[in-house]
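Structural description and commentary
Residues per chain are reported as follows:
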Amino acid sequence: MSKIKFLSLGKQPITNNFLIEQNPINEFFYDLNIVYDENTNVVSLENFVPPERMFNETYAHRASMSITMRESNKLLSENITKRFNPKSVLEIGSNDGIFLKNFPNIKRVGVEPCKNLADITNGVNIETYDNFWDLGLSKKINKIHGKFDLVYSANTISHIHDLNDALQSVNLILNDDGVFILEDPSLLEVIKNTSYDQFYDEHAYVFSVLGLNNLLEKTELEIFDIEKLTTHGGSNRVFIKKVRSNKKISDNVSKIINEELNMGMNKFETYQKFAQNVINSKNETIKIFTELRNNNAKIIGYGATYKSSTILNYCGLDTKFIDYFTDTTENKQGKFTPGTHIPILKPADGIDSKINYVFLGAWNFKKEIFNKEKKFIERGGKFISHVPFPQII
Ligand code: DWN
């Protein structure tokens, strides 16, 4: 057996299942186990959750909700135009159009299976297919729109179960000298920071470059450059081309693969050690919350992220520990966190003078949040984060 389990994160709910009732009767849970494939070095969930349960017309996450993401998408679009000057762009997982809206003057097409989000971009003249990305859809888009100079996909390929199909479908739609840019959380950063909350139902895979490179070997595609990003707590932006295209392969590729090899990411023991760090992190997190609550601290959460669902459910952090969350996403407000049933309020109803501690569900936006919450910090308010280790900041 080439896939070996190294981590069990317990019973977990669907992270997009923001609840209308605090105590629903039939909430769906599954076992969140993580496995390492010795043949390909790919890390994935042991059991995939059916896509329709996760990605549908109730999808809450709106990428445009953070200034950081809006600005980084704008900058990326400018850089792409300077470097590759594409005449056409296809985005797989176009969410609310945060990326595509920066390309008003070229052919642009979105693919977004969550109909509520596809409706937003269709509404602003960005033609968007509300389907899952697969070979059938790629052929259909190719027939209608032709091939594309740029295929972009951020935080989506890692959500697709059949990677071979997803990559073949990209190969089909990409021009011979086109560029496929893929962005997903970096497994190296997850290991370094014990940020185990990157594992949840939607993240079928958390990629190392090593693993991705091995998967691409079965295709006509190859990596020619990589940029390390700070977004989502550390991601890789991977530039991929057709093998027959003569774009130069940057030294960054072998540099990052070597860095991963030096971290032992091709060895099962590395993942066993990571699993032990996760257990230690859980124990320490529970200790922090218990001590604070025993001293009557008032604790709320900031950013009801999909990620935080893993921590809350794994550590058993429910309304006994956290009074409520605040989140800027309208679709989440007035609802309750999946599995742990903590109320979610709008930020305006959030940090009042009684709050002493704020748990960073959106720890990946720490800088933006600290900037916004200067008043709270000035009056001695503290944040709790589990990354890179459980601590009060
Ligand atoms: O891959 C995925 C990523 C990109 O987005 C998806 N599978 C689902 C989702 O995951 P997430 O919820 O962990 O993503 P974010 O981008 O970390 O979510 C941030 C959340 O925090 C948003 O709901 C907005 C909220 N927020 C807030 O309430 N106040 C964010 C900021 C910066 C704030 O100041």
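In this text the structure is predicted, and so the values were computed from the model without any measurement. The numbers attached to residues start from 1 for each chain and follow its sequence in the written order. A pLDDT threshold of at least 70 governs which residues receive local features in this predicted model, and a stricter bar of 80 or more applies before side-chain atom pairs are shown or counted, although totals over entire chains, interfaces and linings include all residues. Excluding hydrogens and water, the side-chain figures rest on all heavy atoms present in the structure.

Looking at the side chain of Lys241
Elements are defined by DSSP. Helices are runs of H or I of four residues or more, strands are runs of E of two residues or more, and each kind is numbered from the N terminus. For Lys241, the position within the fold is in strand S11 (residues 235-242). Exposure remark for Lys241: the relative accessible area of 2% places this residue in the buried category. Residues adjacent in sequence count toward polar contacts only when both atoms are side-chain atoms; beyond that, a polar contact is any pair of N or O atoms within 3.5 Å, and within protein one must be able to donate a hydrogen and the other to accept it. Of note is the side chain of Lys241, whose polar atom sits 2.5 Å from the side chain of Glu222. Of note is the side chain of Lys241, whose polar atom sits 3.4 Å from the backbone oxygen of Val243. Whether a residue is buried, partly exposed or exposed follows from its accessible area with a 1.4 Å probe, protein chains only, as a fraction of its type maximum: under 20%, in between, or over 50%, in that order.

Looking at the environment of Gly380
With respect to the secondary-structure elements, Gly380 resides in the loop between helix H12 (374-378) and strand S16 (382-385). Taking the relative accessible area as the measure of exposure, Gly380 reaches 44% and is therefore partly exposed. Along the sequence, Gly380 and Asn356 sit 24 residues apart, while their C-alpha atoms lie 7.8 Å from each other.

Things to note about the sheet that holds strand S8 (residues 174-185)
Paired through their backbone hydrogen bonds, the strands of a sheet run either parallel or antiparallel. Strand order in the open sheet formed by 7 strands is S6-S5-S4-S7-S8-S11-S10, and the pairing between neighbours is mixed. Looking at which strands have only one partner, the edges of the open sheet turn out to be strand S6 (127-129) and strand S10 (221-229). Strand-to-strand twist in this sheet, taken as the mean axis angle between neighbours without regard to direction, amounts to 20°. By this definition, two strands are paired if DSSP reports at least two bridges between them. Sheet topology note: the strand S4 (residues 88-92)/strand S7 (residues 148-154) ladder contains 3 bridges and is parallel. When the bridges of S7 are listed, Glu91 appears paired with Tyr152. The strands that helix H4 (residues 135-145) touches are S4, strand S5 (107-111), S6 and S7; relative to S6, the one it contacts most, it runs at about 155°. Every axis in this analysis is a line fitted to C-alpha atoms, fitted for helices over the stretch in contact. Angles between the N-to-C directions lie between 0 and 180 degrees. Any pair of residues with heavy atoms lying within 4.5 Å of one another is described as a contacting pair.

Focus on the sheet that holds S16
In spatial order, the strands read S14-S13-S12-S15-S16-S17; together these 6 strands make up an open sheet with mixed pairing. Since the sheet does not close on itself, it has two edges, and those belong to strand S14 (344-345) and strand S17 (391-392), each with one partner. Of the pairings in the sheet, the one linking S16 to S17 comprises 2 bridges and is antiparallel in character. Looking at S17, one finds that Ser385 is bridged to Gln391.

Let's talk about the environment of Phe321
Note on placement: Phe321 falls in the loop between helix H10 (306-315) and strand S13 (325-326). Residue classification places Phe321 among the buried positions, given a relative accessible area of 14%. Between the alpha carbons of Phe321 and Ser186 there is a distance of 30 Å; along the sequence they are 135 residues apart. Dropping the residues within four chain positions of it, Phe321 is found in contact with Phe289, Thr290, Arg293, Ile299 and Gly316.

Describing the site of the ligand
We call a residue near a molecule or strand when any one of its heavy atoms sits within 4 Å of it. Near the ligand there are 25 residues, and of these Glu202, Tyr306, Lys307, Lys332 and Lys372 occur at the shortest range. Separating a nitrogen atom of the ligand from a side-chain N or O atom of Tyr200 is a distance of 3.0 Å. Here a nitrogen atom of the ligand and a side-chain polar atom of Glu202 are 2.5 Å apart. For every accessible area listed, the method is Shrake-Rupley and the probe measures 1.4 Å; residues are considered covered only by the protein chains on display. Against a free-state accessible area of 720 Å², the protein chains account for coverage of 96% of the ligand.

A closer look at the domain arrangement of the protein
According to the domain assignment, the protein contains domain 1 (3-37 + 269-392) and domain 2 (43-265). Domain extents, as shown, originate in an automatic or database domain assignment. Centre-to-centre separation of domain 1 and domain 2, based on C-alpha positions: 26 Å. Listed by partner, the interface residues are 40 residues for domain 1 and 38 residues for domain 2. Accessible area, probed at 1.4 Å, shrinks when two parts are joined; the buried area is that loss added up over both. Carbon and sulfur atoms supply 60% of the area buried between domain 1 and domain 2, which totals about 3,500 Å² over both sides.

Focus: the pairing of strand S12 (residues 299-302)
Here S12 shows a buried face lined by Ile299 and Gly301 and a second buried face lined by Ile300 and Tyr302. Judged from the 4 bridges that link them, S12 and strand S15 (residues 357-360) form a sheet pairing that is parallel. By the bridge assignment, Gly301 is partnered in S15 with Phe359. Looking at chain direction, S12 and S13 are connected through 2 bridges and run parallel.

Thoughts on the pattern of salt bridges
Whenever Lys or Arg places a side-chain nitrogen within 4 Å of a carboxyl oxygen from Asp or Glu, that contact is recorded as a salt bridge. A complete count under the given rule lists 21 salt bridges for this structure. Taking the shortest distance from any N to any O, the salt bridge between Lys192 and Glu259 comes out at 3.4 Å. A residue pair is termed long-range when its members are at least 10 positions apart, and Lys192 in helix H6 (residues 187-193) and Glu259 in helix H8 (residues 251-262) qualify at 67 residues. What makes Lys192 partly exposed here is its relative accessible area of 41%. Residue Glu259 is classed as partly exposed on the basis of its relative accessible area of 27%. Among the ionic pairs, Lys228 bridges to Glu259, the shortest N-O distance being 2.7 Å. One end of the pair, Lys228, is in strand S10; the other, Glu259, is in helix H8, with 31 residues separating them in the sequence.

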